[in-house]
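Breakdown of the fold
Residues per chain, in single letters:
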Amino acid sequence: MRKRILILGMNSYIGCSFQNYVNENYLQEFQIDRTSLRGRNWKLEDWAGYDSIINVTGKAHADVERLTEEEKQEYYAVNCELACAAAEKAIESGVRQYIYLSSVIVYGDSSNTGCPLCITKETIPAPSNFYGDSKWQAEQKLTEIFKKNNNELAIVRPPMIYGKGSKGNFQVLMKIAKILPFFPEVRNQRSILYIENFAEFLILLIKSGKSGIFLPQNEVYVSTAEMVHEIGAARGRKMYLCRWMCPFVWLAGKMPGKIGNMVHKAFGTLTIEQELSREGIDGYQIFGLRESIERSQ
């Protein structure tokens, strides 16, 4: 009998990509449905009979400097309160496993300080903005909700996710690789996660039925320069990585305000200890960097 999976989030990139991955690779093992948490109709739906629910609904990371206080509160309403309301409905419906898509950003980032962030088992969440705080508050409230029940709560904290059709920072890097012949060879390190590796991770997580906190990522770290170089190579373009440009990046990073933050975000170091990403769930890091970039075109 196929496992029944409900994805909360009709138009989510991750949700749609996961469903496509299942349809291509695990159609005989899983039945995937999707629904929206917009409005109030979802409260009347019947969620009984689902083995796992994946909540990929969320208000995405934005330019934190341009939002009003009212707009910031929307992040808490969607990323925290709505996630908890959906979890309570899942419990009432008898769903065995609830998977909440959080973010590695609950640990903070390097955009404000420029200091490397290397996440280990001892690292304590310390959000540096309201987006990360909304996810962190959701995690804490969900943990309290599930303490009172026998259902399983899986909290997933992925780093930057990329793949074909993805938006955000990956699209920026693709544009850079398309236009510029030179790029600064800054030797930072980033944890990243290819969307099909993430889909395979979710498959294994659902099969296991496990609860806990999970930090999936690709098998190796990557620098921003290496990422841009690989994107260019996948498109048949030669990208020259230049060490002489690094002092200019360093100077730009010293500038106050938005420019300095953007430089730190682009060239900062944020890594998850590799062993931590294989605890509990392993064997999902199928695609390496080059192949994943080629499949993302």
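Residues numbered from 1 in each chain as written. Predicted model: local features only at pLDDT ≥ 70, side-chain atom pairs only at ≥ 80, totals over all residues. Heavy atoms only, no water.

Points about the overall build of the protein chain
Within the protein chain, the secondary structure is distributed over ten helices and twelve strands. Taking 297 residues into account, the globule formula puts the C-alpha radius of gyration at 19 Å, and the protein chain, at 20 Å, falls close to it. Viewed in the frame of its principal axes, the protein chain has a C-alpha envelope of about 60 × 45 × 35 Å. Out of the 297 residues belonging to the protein chain, those deemed buried represent 50%. Partitioning the contacts of the protein chain with sequence separation of at least 6, the portion at a separation of at least 24 is 83%. (Helix = DSSP H or I, 4+ residues; strand = E, 2+ residues; numbered from the N terminus. Rg over C-alpha atoms; globule rule 2.2 N^0.38 Å. Buried < 20%, exposed > 50% of the residue type's maximum accessible area, 1.4 Å probe, protein only. Contact = heavy atoms within 4.5 Å.)

Concerning the environment of T143
Checked against the element boundaries, T143 lands in helix α3 (residues 130-147). Residue T143 is classed as partly exposed on the basis of its relative accessible area of 31%. In this structure the C-alpha to C-alpha distance between T143 and L153, which are ten residues apart in sequence, comes to 7.4 Å. In this view, T143 contacts L153 and I155; residues no more than four positions away in its chain are not counted.

Section: the sheet that holds strand β10 (residues 212-214)
Strands sit in the order β2-β1-β3-β4-β6-β10 across an open sheet of six strands; the sheet is parallel. With one partner strand each, in any of the chains shown, β2 (30-35) and β10 form the two edges of the open sheet. Ignoring which end each strand starts from, the neighbouring axes of this sheet average 20° apart. This element, α3, spans β4 (97-101) and β6 (152-156) of the sheet and lies at about 165° to β4. Across the face of the sheet, helix α5 (residues 195-208) comes into contact with β1 (3-8), β2, β3 (52-55), β4, β6 and β10 while running at roughly 155° to β4. (Pairing = 2+ DSSP bridges. Axes fitted to C-alpha atoms, helices over the stretch in contact; angles between N-to-C directions.)

Some details on the pattern of salt bridges
Inspection of the entire model under this criterion finds ten salt bridges. With a closest N to O distance of 2.5 Å, R157 and E139 form a salt bridge. A residue pair is termed long-range when its members are at least 10 positions apart, and R157 in the loop between β6 and β7 (160-162) and E139 in helix α3 qualify at 18 residues. We classify R157 as buried; its relative accessible area is 4%. (Salt bridge = Lys/Arg side-chain N within 4 Å of Asp/Glu carboxyl O.)

Some remarks on α5
Between its terminal C-alpha atoms α5 stretches 20 Å, which fits the 20 Å expected from 14 residues at 1.5 Å a residue. Counting buried residues along α5, eleven of its 14 residues qualify, which places the element largely inside the surrounding structure. All of the buried residues in α5 are I195, E196, N197, F198, A199, E200, F201, L202, I203, L205 and I206. With its phi angle positive at about 70°, G209 sits one or two positions after the end of α5. (Expected span 1.5 Å × (residues − 1).)

Section: the state of the cysteines
In total, this model carries zero disulfides according to the counting rule given. Between C246, a free cysteine, and C242, which holds the nearest cysteine sulfur, the sulfur-to-sulfur gap is 8.8 Å. (Disulfide = S-S within 2.5 Å.)

Remarks on helix α1 (residues 13-25)
Compared with the 18 Å implied by 1.5 Å per residue over 13 residues, the 18 Å span of α1 between its first and last C-alpha is a close match. Those residues of α1 that are buried are in contact with β1, β2, β3, β4, β7 and α5. For α1, the N-terminal capping position is held by S12, with its side-chain oxygen 3.2 Å away from the main-chain nitrogen of I14. (Polar contact = N/O pair within 3.5 Å; in protein donor to acceptor, adjacent residues only side chain to side chain.)

Digging into the nonpolar core
F18, F198, F201 and M227 are the most contacted members of the largest nonpolar core, which totals 51 residues. Examining the composition of this core, we find that eight residues originate from one element, α5, more than from any other. Setting aside residues no more than four positions away along its own chain, F201 makes contact with V156, F214, P216, I281 and Y284. Within the second largest apolar cluster, 23 residues are counted, among which are L6, L8, W47 and L142. (Core = buried A, V, L, I, M, F, W, Y, C linked by side-chain atoms within 4.5 Å.)

Points about the packing of helix α2 (residues 69-92) against α3
Where α2 meets α3, the closest approach of the two axes is 9 Å, and the angle between their N-to-C directions is 20°. Taken together, the axes of α2 and α3 lie roughly parallel to each other. Like other packed secondary-structure pairs, α2 and α3 cross with a definite hand, here right-handed. Where α2 abuts α3, its residues K72, Y75, Y76, N79, C80, E81, A83, C84, A87, E88 and I91 lie against F130, Y131, D133, S134, K135, Q137, A138, K141, L142, I145 and F146. Along the lines of polarity and charge, the residues of the contact of α2 with α3 split into 13 nonpolar, three polar and six charged. (Parallel < 35°, antiparallel > 145°, perpendicular 65-115°, else oblique. Left-handed = near helix turned anticlockwise from the far one by under 90°. Nonpolar A, V, L, I, M, F, W, Y, C, P; charged D, E, K, R; others polar.)

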